[in-house]
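Listed below are the residues making up each chain.
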Amino acid sequence: MPYQSESQSYYSSSSRGGGGGNVSSEPMETVIKLASGSAVVVFSVSTCCMCHAVKRLFSGMGVSPTVYEIDQDPKGKEIEKALTRLLGGTSAVPVVFIGGKLIGAMDRVMASHINGTLVPLLKEAGALWL
């Protein structure tokens, strides 16, 4: 598979210092942390055809996104709600971040690809070198 898939839980059960706090208990904080962890991050649902299409688009461009399959995580519904808030109330996957910045769902990614702004974004994020 040409892209990295992350299906483990995104939540840490304890803090590093061994104290009582949860490192990333807030779903929005978790989304932001994960989104900034790689040059290209795709929040996906494993059975979604549009998610598959966006992953294939990046793969075909030579980009290896980090993919989080939210349907395979026990807290995936909370992540999905946080993504919906980021998208302004629209519930849609895939949700793509490039360079830690929200690009949006498939329609925004395709619009950026068609109008020629996707490649410069990928280059700026360090995901594409050519």
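Just above, that's the structure.
Quick look at the structure, then. Values in this document were obtained by computation on a predicted structure and should not be read as measured data.

### Notes on the environment of Val95
Phase 1 of the analysis: Structurally, the position occupied by Val95 is in strand β4 (residues 95-98).
Phase 2 of the analysis: Overall, the relative accessible area of 1% leaves Val95 in the buried class.
Phase 3 of the analysis: Sequence-wise, Val95 and Tyr68 are 27 residues apart; in three dimensions their C-alpha atoms are separated by 9.9 Å.
Phase 4 of the analysis: In this structure, Val95 is in contact with Val41, Val42, Phe43, Leu83, Leu87, Leu102 and Gly104, ignoring residues within four places of it in sequence.

### Remarks on empty space enclosed by the protein
Phase 1 of the analysis: Summed over all chains, the structure comprises 1 cavity of 30 Å³ or more.
Phase 2 of the analysis: In terms of lining, the largest cavity is formed by Glu80, Leu83, Thr84, Leu87, Thr90, Ser91, Ala92, Val93 and Val95.
Phase 3 of the analysis: For the lining of the largest cavity, the element with the highest residue contribution is helix α3 (residues 76-86), accounting for 3 residues.
Phase 4 of the analysis: Split by residue class, the lining of the largest cavity holds 5 nonpolar, 3 polar and 1 charged.

### Quick look at the environment of Asn115
Phase 1 of the analysis: Relative to the assigned elements, Asn115 resides in helix α4 (residues 106-115).
Phase 2 of the analysis: Among the polar contacts listed, one links the side chain of Asn115 to the side chain of Thr117, at a separation of 2.7 Å.

### A word on the packing of helix α1 (residues 27-35) against α3
Each pair of packed helices gets described by two things: the angle between the helix axes and the distance between those axes.
Phase 1 of the analysis: Remark: α1 packs on α3, axes separated minimally by 8 Å, with the N-to-C direction vectors making an angle of 80 degrees. Classed by the angle they form, the pair α1 and α3 counts as roughly perpendicular. Of the residues in α3, those in contact with Pro27, Met28, Thr30 and Val31 of α1 are Glu78, Ile79, Ala82, Leu83, Arg85 and Leu86.
Phase 2 of the analysis: Classifying every residue of the contact of α1 with α3 gives 7 nonpolar, 1 polar and 2 charged.

What counts as what
- Residues numbered from 1 in each chain as written.
- Predicted model: local features only at pLDDT ≥ 70, side-chain atom pairs only at ≥ 80, totals over all residues.
- Heavy atoms only, no water.
- Helix = DSSP H or I, 4+ residues; strand = E, 2+ residues; numbered from the N terminus.
- Buried < 20%, exposed > 50% of the residue type's maximum accessible area, 1.4 Å probe, protein only.
- Contact = heavy atoms within 4.5 Å.
- 1 Å grid on protein atoms, 1.4 Å probe; cavity = no way out; pocket = protein on both sides within 12 Å on 5 of 7 lines; lining within 4 Å.
- Points joined across faces, edges and corners; volume = space filled by probe spheres on them.
- Nonpolar A, V, L, I, M, F, W, Y, C, P; charged D, E, K, R; others polar.
- Polar contact = N/O pair within 3.5 Å; in protein donor to acceptor, adjacent residues only side chain to side chain.
- Axes fitted to C-alpha atoms, helices over the stretch in contact; angles between N-to-C directions.
- Parallel < 35°, antiparallel > 145°, perpendicular 65-115°, else oblique.

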